[in-house]
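Residue-level listing of the chains:
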Amino acid sequence: YLSRGSKNAAAGDDDGKRQRQKQREMPAASASNGAADREHGCMPGCVPVRAKRTATVTTVTTTSARTSRHNFVRSAASGLFPGAPVFTNHESLPALPEAYSEFVSAFPQYGGLAGSADAIRDGEYRHLDRHVCLDYNGMNLFSHAQMNSSLPSTSAPAEPSAWQPPFFDIAYRSASLRSQVQQCGDGTAAASAAGGISGAVTRRITASLKIPEDEYTMVCTANRTTAFRLLAESYSFTPGGGRKKLLSVYDYESEAVGAMAQSARSRGAEVMNASFAWPSMRVHAADLRKKLLRGRRRQRGRGLFVFPLVSRMTGARYPYLWMSAAAEQGWHVALDACALGAKDLDTLGLSLLRPDFIVCNFFKVFGENPSGFAGLFVKKASVGALERSAVARSIGIVSIVPARRWSLRDDYSTDLEHSLTFPKAADPPTADDVDTTCSFSGPLSATATGRRTDEAENGDTPEICEVDRRPSEERMLEVECRGLDHADALGLIAIGNRLRCISNWLVVAMQKLRHPHPEHGGGKQLVRVYGPRVKFERGPSLAFNVYDWKGEKVAPALVQKLADRQGISLTCGFLRNIWFTDKYEADRSAVLEQASDGGGEAGIHVVNASLGFLSNFEDAYKLWAFVAKFLDADFVEKERWRYTALNQKTVEV
């Protein structure tokens, strides 16, 4: 072919030379287009393939996102406190307006997000201005103004038939998790419950969390610990004589996870924990991958994989891919969504990855007594992994029932009996099903509980039903949960960006505090932050400890008590499952300590601050100003003297 077409080939070479010369004379834009064509492997003048063009656009988008994250970290690291490298005195801190001005300059995206959130906070959560609530973790159903209906509200005036607190009661039931899921999945029972208050609350919660009702069934439990223990007692850890495993991913000591592990261990399961690399507290990927592959893959699964997505204590976020990897290896995945933000379940990852179980907790409102309930969502396709358990019947499944109030004509009255109508349940609860009843705002009397149970046993129509109403005339009840409404109004992006800016500012501000006593050329740091530092993906929680000028740690419980006197609520935690590489092996003996009970695995006692979706910059500033007071070497002694002078009982820590 070459010998036969040599002349044509030579002519082609001449044409190619002329074409290349022509390209050199074209404008810069045409030259760049030609370069792009050659990168696609095309001849000059050829139209690139559509797939290639799409790949180029995707690369540009990814690069833009990476650049945006890099710019955010750079702004947080270098744009905050440019004129003051460190602060050695709490009186030298900038005033709140000055600090806020620098904050907005470093994070200009925060300014556009503050207006709507602050308006909601000022109108419905005014109690947050009196006390800084950094110990709240969960999703609030109701706003403070809704819980106290006499307070002014930015919402529209309530109709006469609208809810008035207390909104509903919690009735404890004696039922297994499997039977409860199957009962909720029954068409007749589900249709009967859908028109009642339980169905209304369930619909409102699932709609806010974007959990599909056709795939999941929600079972209410007394609290988060109850939900975890109920799942452990109901999960089939030993099918056909085989031994399954419980694998959890937590960098701190959790009461709920501890109860779950104890129940699983008593039922013959092998309990394993993921480890976290010091000092970043990231998941030790090689160790977790090895544990996911450990043992043979059974037909009904390797076991239960409990995954939180974000650390409640340190704010470290974990990739969604761990859930996907666990599911591919035959694990049943339980997602702990209790530490997630108000709208974090809206993310694309969870819309693609459907865990077998999801645990959420719902409280009344920030800063209030956290009486509420937890929600255990069970995937209908995974109900086969559950088994009936006699122990699980007494753990704490609850039902949401209409609230009752005291009246002059009898011991109690139905809150909604004059406004709303509920259909009669297909299978009224018996005495064995309902153990005790407590109100969402307080306990009920035994008389009220007994009377309702007697009516159900005698087949009488409960007070909450209207006997003259025909089924065709029944209407679906709609509930108003303004706490969920506010989270829905702000949305995932606004809430995430808002908390990202505040939490990273707080990390930088804490690291700027140093003791004035020079040693080895500089003062010692006042605060040590555990987990991620300045990071785009960090969660809204911060784990830290305060150290005095001698380098000795101030007891976290003492920091918590002193903060409470300053109107700031904090929590304490215990970091555990820490893995040290050879590089940091020398830090092991210096940082690890025994747990408070004197037994178990060594870890680190820390102070924790968690930001809610309505936390603002002023909350973070007040915490920073309080911690800066420890720069005064006599601050603790002054507080103890002041506490004693006020005739208060001194509590030794």
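- By the naming in an unreviewed UniProt entry, the protein chain goes by Aminotransferase class V domain-containing protein and is assigned to Aegilops tauschii subsp. strangulata.

Re the overall build of the protein chain
No. 1: Looking only at helices and strands, the protein chain features 20 helices and 22 strands.
No. 2: Sorting the 653 residues of the protein chain into buried and exposed places 49% on the buried side.
No. 3: For the protein chain, the proportion of contacts with a sequence separation of at least 24, taken over those separated by at least 6, is 76%.
No. 4: As displayed, the protein chain offers around 31,400 Å² of accessible surface, 52% of which is attributable to carbon and sulfur atoms.

Description of the sheet that holds strand β21 (residues 578–579)
Whenever strands of a sheet pair, they do so through backbone hydrogen bonds, lying parallel or antiparallel.
No. 1: Spatially, three strands are ordered β8-β7-β21 in an open sheet, and the strand pairing comes out mixed. In this open sheet, the two strands that pair with only one neighbour each are β8 (282–283) and β21.
No. 2: Sheet analysis places strand β7 (residues 276–277) next to β8, joined by two bridges and oriented antiparallel. Bridge pairing in β8 links phenylalanine 276 to valine 283.

Structural notes on the confidence of the model for the protein chain
No. 1: On average, the protein chain scores 77 in pLDDT, and the residues at 70 or more come to 70%.
No. 2: Contacts of residues 408–474 to residues separated by more than four positions or lying in other chains number 120 contacts, the stretch itself having pLDDT below 50.

Concerning the pattern of salt bridges
No. 1: Taken as a whole and assessed by the stated rule, the structure comprises 23 salt bridges.
No. 2: A salt bridge links aspartate 118 to arginine 498; its shortest N-O distance comes to 3.3 Å. Of this pair, aspartate 118 sits in helix α5 (residues 108–124) while arginine 498 sits in helix α16 (residues 482–511), placing them 380 residues apart in sequence.
No. 3: The partner of arginine 267 in a salt bridge is glutamate 387, with the nearest N and O atoms 2.2 Å apart. Taken as a pair, arginine 267 in the loop between α11 (255–266) and β6 (270–273) and glutamate 387 in the loop between β12 (373–379) and β13 (397–402) lie far apart in primary sequence, 120 residues in all.
No. 4: Judged by its relative accessible area of 18%, arginine 267 is buried.
No. 5: Of the residues examined, glutamate 387 reaches a relative accessible area of 27% and is grouped as partly exposed.
No. 6: The network of salt bridges with common partners includes Arg204, Lys210, Lys343, Asp346, Asp485 and Asp488.

Observations regarding helix α9 (residues 197–209)
No. 1: The terminal C-alpha atoms of α9, which comprises 13 residues, lie 18 Å apart, in line with the 18 Å expected from a rise of 1.5 Å per residue.
No. 2: Within α9, eleven of the 13 residues are buried, leaving the element largely enclosed by the surrounding structure.
No. 3: Listed as buried for α9 are Ile197, Gly199, Ala200, Val201, Thr202, Arg203, Arg204, Ile205, Thr206, Ser208 and Leu209.
No. 4: A positive backbone phi angle near 60° is found at lysine 210, which sits one or two residues after α9.

Regarding the pairing of strand β9 (residues 303–307)
No. 1: Within β9, five of the five residues are buried, which leaves it mostly tucked inside the rest of the structure.
No. 2: Note on the crossover from β9 through helix α13 (residues 321–328) to strand β10 (residues 331–336): the handedness is right-handed.

Regarding the packing of aromatic side chains
No. 1: Taken as a whole, this structure holds 30 aromatic pairs when the rule is applied.
No. 2: With centroids separated by 4.6 Å and ring planes inclined at 35°, the aromatic side chains of tyrosine 136 and phenylalanine 366 adopt a geometry described as tilted. Here phenylalanine 366 lies in the loop between β11 (357–363) and β12 and tyrosine 136 lies in the loop between β1 (132–133) and β2 (139–140), a separation of 230 residues in the sequence. Like phenylalanine 366, tyrosine 136 is buried.
No. 3: In this structure, arginine 500 is placed above the aromatic ring of phenylalanine 536, and the distance from its NZ or CZ to the ring centre is 4.0 Å.

Things to note about the side chain of aspartate 287
No. 1: Structurally, aspartate 287 can be placed in helix α12 (residues 285–292).
No. 2: Ignoring any residue separated from it by four or fewer positions in sequence, one finds aspartate 287 in contact with Asn273, Ala274 and Ser275.

Some details on the sheet that holds strand β20 (residues 571–575)
No. 1: One open sheet holds the four strands; their spatial order is β17-β18-β22-β20, and the pairing between them is antiparallel. Bordering the open sheet on either side are β17 (527–530) and β20, each of which pairs with just one other strand. With direction set aside, neighbouring strand axes in the sheet form an average angle of 45°.
No. 2: Running at roughly 10° to strand β18 (residues 541–546), α16 makes contact with β17 and β18 of the sheet.

Some details on the packing of α16 against helix α19 (residues 617–628)
No. 1: In the contact formed by α16 and α19, the axes pass within 10 Å of each other and the chain directions differ by 15°. It follows from the interaxial angle that α16 and α19 lie roughly parallel. The two elements α16 and α19 meet at a crossing, and its hand is right-handed. Listed contacts from α19 to Ile502, Trp505, Leu506, Ala509 and Met510 of α16 are Phe617, Ala620, Tyr621, Leu623, Trp624 and Val627.
No. 2: Each residue belonging to the contact of α16 with α19 can be placed in one class, and the counts come to eleven nonpolar, no polar and no charged.

Here's the deal with the environment of alanine 385
No. 1: Mapped onto the secondary structure, alanine 385 falls in the loop between β12 and β13.
No. 2: Accessibility expressed as a relative area gives 8% for alanine 385, which makes it buried.
No. 3: Residues alanine 385 and leucine 304 lie 81 residues apart in sequence; the distance between their C-alpha atoms is 9.7 Å.

Observations regarding the environment of glutamine 180
No. 1: Residue position: glutamine 180 is located in helix α7 (residues 177–185).
No. 2: The sequence separation of glutamine 180 and isoleucine 397 amounts to 217 residues, and the corresponding C-alpha distance is 8.8 Å.
No. 3: With residues near it in sequence (within four places) discarded, glutamine 180 still touches Arg173, Ala175, Val219 and Ile397.

Structural notes on the nonpolar core
No. 1: One finds Phe168, Ile205, Leu304, Phe305 and Phe373 to be the most contacted residues of the largest nonpolar core, which totals 99 residues.
No. 2: Counting 68 residues, the second largest nonpolar core, distinct from the first, contains Phe363, Ala487, Tyr621 and Val627.

As for the state of the cysteines
No. 1: For the coordinates displayed, the defined rule picks out zero disulfides.
No. 2: Not engaged in a disulfide, the cysteine cysteine 360 finds its nearest cysteine sulfur in cysteine 338; these two sulfurs lie 6.2 Å apart.
No. 3: The exposure class of cysteine 360 is buried, given its relative accessible area of 0%.

Notes on the side chain of aspartate 356
No. 1: By the secondary structure assignment, aspartate 356 is in the loop between α14 (348–352) and β11.
No. 2: It turns out aspartate 356 is buried and unbridged, and the closest side chain with the opposite charge, lysine 379, is 5.2 Å from it.
No. 3: For aspartate 356, the side chain forms a polar contact with the side chain of serine 382, separated by 2.5 Å.
No. 4: When neighbours within four sequence positions are excluded, aspartate 356 is seen to be in contact with Tyr216, Trp331, His332, Val333, Phe377, Val378, Lys379 and Ser382.

What counts as what
- Residues numbered from 1 in each chain as written.
- Predicted model: local features only at pLDDT ≥ 70, side-chain atom pairs only at ≥ 80, totals over all residues.
- Heavy atoms only, no water.
- Helix = DSSP H or I, 4+ residues; strand = E, 2+ residues; numbered from the N terminus.
- Buried < 20%, exposed > 50% of the residue type's maximum accessible area, 1.4 Å probe, protein only.
- Contact = heavy atoms within 4.5 Å.
- Areas by Shrake-Rupley, 256 points an atom, 1.4 Å probe, with all protein chains shown as cover.
- Pairing = 2+ DSSP bridges.
- pLDDT = per-residue confidence, 0-100.
- Salt bridge = Lys/Arg side-chain N within 4 Å of Asp/Glu carboxyl O.
- Expected span 1.5 Å × (residues − 1).
- Right-handed = clockwise from strand over helix to strand, strands pointing away.
- Phe/Tyr/Trp six-rings, centres within 6.5 Å; stacked < 30°, edge-to-face > 60°.
- Lys NZ or Arg CZ within 6 Å of the ring centre and 35° of its normal.
- Axes fitted to C-alpha atoms, helices over the stretch in contact; angles between N-to-C directions.
- Parallel < 35°, antiparallel > 145°, perpendicular 65-115°, else oblique.
- Left-handed = near helix turned anticlockwise from the far one by under 90°.
- Nonpolar A, V, L, I, M, F, W, Y, C, P; charged D, E, K, R; others polar.
- Core = buried A, V, L, I, M, F, W, Y, C linked by side-chain atoms within 4.5 Å.
- Disulfide = S-S within 2.5 Å.
- Lys, Arg positive; Asp, Glu negative; His and termini not counted.
- Polar contact = N/O pair within 3.5 Å; in protein donor to acceptor, adjacent residues only side chain to side chain.

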